Amino acid sequence: MRVAFVASEAFPFAKVGGLADVVGSLPQALKRQDQGIEPTIFLPWYWGIEGYYVGETWFNFAGGRDKAGIGHAEHEGVRYVLVGLPDFARDKPYGYDDDFRRFLRFQMAVAELLQGFDVVHAHDWQAALLPLLRNLGWFGGRTVYTIHNLAYQGVWGSQDFYAWSGLPGETYYGAGLEHNNAVNLMKCGIVNADRVTTVSPSYSWEIRTPTFGEGLDGVLRAQEWKLRGILNGLDTAYWNPRDDRYLAHPYDSTDLSGKAANRAELLAEYGLEDRPTLGVVSRFAHQKGIDTILDALPGLMGMGVNLMVLGSGDPYLERTFAWASRHHKGRVAYVQGFNEPLAHRVYAGCDGFLMPSRFEPCGLAQMIAMRYGTPPVVRAVGGLKDTVQHWETGFLFEHADAGGVLHGVSEFLKHPDRQTVARNGMLHDFSWDRPAQEYAELYRSM
């Protein structure tokens, strides 16, 4: 069975968030299991990706014919097809004013390359038009559409979309493309795909409610017969404290002395007192609830914990954490930006990991923390409550506010044997083996 994965990012070639980890790891797991599935990943050919040029393809765009160069690359035995368009020769995948137009071009180019695949697995809004193009006869096979984060839907003005797609508006009548007087690519993917998945069972139920549905809850309830939540896995070879190249002191669940040594070095380097230390590695975005940590800061200081924070995003939150690190020396340390080696050291060197998300489709940070013997303190939402067992592998709290954070941390502090909680988390299987089997069964069922 030939399966095409189409996405905007995939580790190790391009990564902004968890989408890259999924698209980079799931095809590898399918290949390893030798279930007769041959995966191919289609990516934009971003600046800096090394691949070899094999030719070009022509495709319809904006009422004319456009050209894309095609490259090939390989990683861990999985083939990558790189779609070369001038719009993607930039230093980062997203964050540009023309993102909608760029990814529309990408999808229309990829659609010319999908003949002969049994299943096309499209990911997030940047590939959400493909199920409709299949239904319009552009290519064959079945389609799976995966929602990684419902908050990012690919919404744009109808007039521009129809001009760029080169197809008249009546072509899309009844195709589920428009929503609230605009084109909504995510809605298009949901309505037109043969199957829809999202990245945890709890999130698949939450997004059918007005609270978490981001305006598409009614659409999802109408399509719930084909909606399924499959929990993401973790690259357990890369995230492994026994073999982690960024750790000076390797360790595993049978001997945590290396973790204690990593902890001592981390606290000494950042001038933190020898107290229970909670790590934070996060984007500073509304979704992640990082502002609730700041709201809870006086209470956290009163409870006697340290904070070791790595992250960036919202400028106000960056400035406030910088202020907190100056005014609570020895108790709060803050490093702005993303630093891969330091992230590994935070996961390994802290006593607990704080993750107060307002919503969380799946989350990988809590799995990594458990893998590194650092019990997570998380809000009971989405994939967090699917992966963390209260007082067994971590600690859950209900409310997305300072009170919730303080309650979760109090649960963490009062547990009589946090080392057992740490070991329980390290022994849990978060690999891609089970999710890959579920996806293989899904593909075959179609």
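Residues numbered from 1 in each chain as written. Predicted model: local features only at pLDDT ≥ 70, side-chain atom pairs only at ≥ 80, totals over all residues. Heavy atoms only, no water.

A. Spatial organisation of unusual backbone geometry. The residue after Phe11, namely Pro12, is reached through a cis peptide bond having omega 10 degrees. Take Pro12: it is sitting in the loop between strand E1 (2-6) and helix H1 (18-32). With phi around 50 degrees, Glu214 is a residue other than glycine that occupies positive phi space. Positionally, Glu214 belongs in the loop between helix H6 (201-206) and helix H7 (217-222). (Helix = DSSP H or I, 4+ residues; strand = E, 2+ residues; numbered from the N terminus.)

B. Local environment of the nonpolar core. Counting 125 residues, the largest nonpolar core has Leu129, Tyr347 and Tyr443 as its most contacted members. Broken down by element, the residue count for this core peaks at eight residues, all from helix H2 (residues 99-111). By size, the runner-up hydrophobic cluster in this structure holds 27 residues, among which are Ile293, Met301, Val305 and Val377. (Core = buried A, V, L, I, M, F, W, Y, C linked by side-chain atoms within 4.5 Å. Buried < 20%, exposed > 50% of the residue type's maximum accessible area, 1.4 Å probe, protein only.)

C. Spotlight on the packing of aromatic side chains. Scanning the model with the defined rule gives 24 aromatic pairs in all. Ring plane angle 65 degrees and centroid distance 5.2 Å describe the contact between Phe88 and Phe103, whose orientation is recorded as edge-to-face. Note that Phe88 is positioned in the loop between strand E5 (78-84) and H2 and Phe103 in helix H2, a separation of 15 residues in sequence. Classification of Phe88 by relative accessible area gives buried; the value is 0%. In this structure Phe103 comes out as buried when scored by relative accessible area, which is 0%. Plain terms: the ring middles of Phe100 and Trp164 are 6.4 Å apart, the flat faces sit at 40 degrees to each other, and that makes the pair tilted. Placement of Phe100 in helix H2 and of Trp164 in helix H4 (residues 158-165) is noted, with a sequence separation of 64 residues between them. Here the two residues Phe100 and Trp164 agree in accessibility, since each one is buried. In this structure, Arg208 packs its charged tip against the face of Trp205, placed 3.9 Å from the ring centre. Lying across the ring of Phe412, Arg418 places its NZ or CZ 4.5 Å from the centre. (Phe/Tyr/Trp six-rings, centres within 6.5 Å; stacked < 30°, edge-to-face > 60°. Lys NZ or Arg CZ within 6 Å of the ring centre and 35° of its normal.)

D. A look at the sheet that holds strand E18 (residues 395-397). One open sheet accounts for six strands, arranged E15-E14-E13-E16-E17-E18; its pairing is parallel. The open sheet has two edge strands with one neighbour each: strand E15 (332-336) and E18. Across the sheet, the mean angle from the axis of one strand to that of its neighbour is 20 degrees, orientation sign disregarded. In the sheet, strand E17 (residues 376-379) pairs with E18 via three bridges, with the strands oriented parallel. Across the sheet, the residue bridging to Val377 is Phe395, located in E18. Packed onto the sheet, helix H11 (residues 315-327) meets strand E13 (277-284), strand E14 (306-313) and E15 and runs at close to 140 degrees relative to E15. (Pairing = 2+ DSSP bridges. Axes fitted to C-alpha atoms, helices over the stretch in contact; angles between N-to-C directions. Contact = heavy atoms within 4.5 Å.)

E. Region of the structure containing the packing of H2 against H4. Contact geometry of H2 with H4 gives a least axis separation of 11 Å together with a crossing angle of 35 degrees. As H2 runs across H4, the sense of the crossing is right-handed. In this structure, H2 contributes Phe100, Arg101, Leu104 and Met108 to the contact, and H4 contributes Phe161, Trp164 and Ser165. Looking at side-chain class alone, the contact of H2 with H4 contains five nonpolar, one polar and one charged residues. (Left-handed = near helix turned anticlockwise from the far one by under 90°. Nonpolar A, V, L, I, M, F, W, Y, C, P; charged D, E, K, R; others polar.)

F. Geometry of the sheet that holds strand E7 (residues 142-147). In space, the nine strands of this open sheet follow the order E3-E4-E5-E2-E1-E6-E7-E11-E12, with mixed pairing throughout. Two strands bound the open sheet, and with one partner strand each, they are strand E3 (52-61) and strand E12 (227-229). With strand direction ignored, the average angle separating the axes of adjacent strands in the sheet is 25 degrees. In this structure, strand E11 (residues 195-198) lies alongside E12, joined through three bridges in parallel fashion.

Everything listed here is a matter of coordinates, which is why it stays silent on function.
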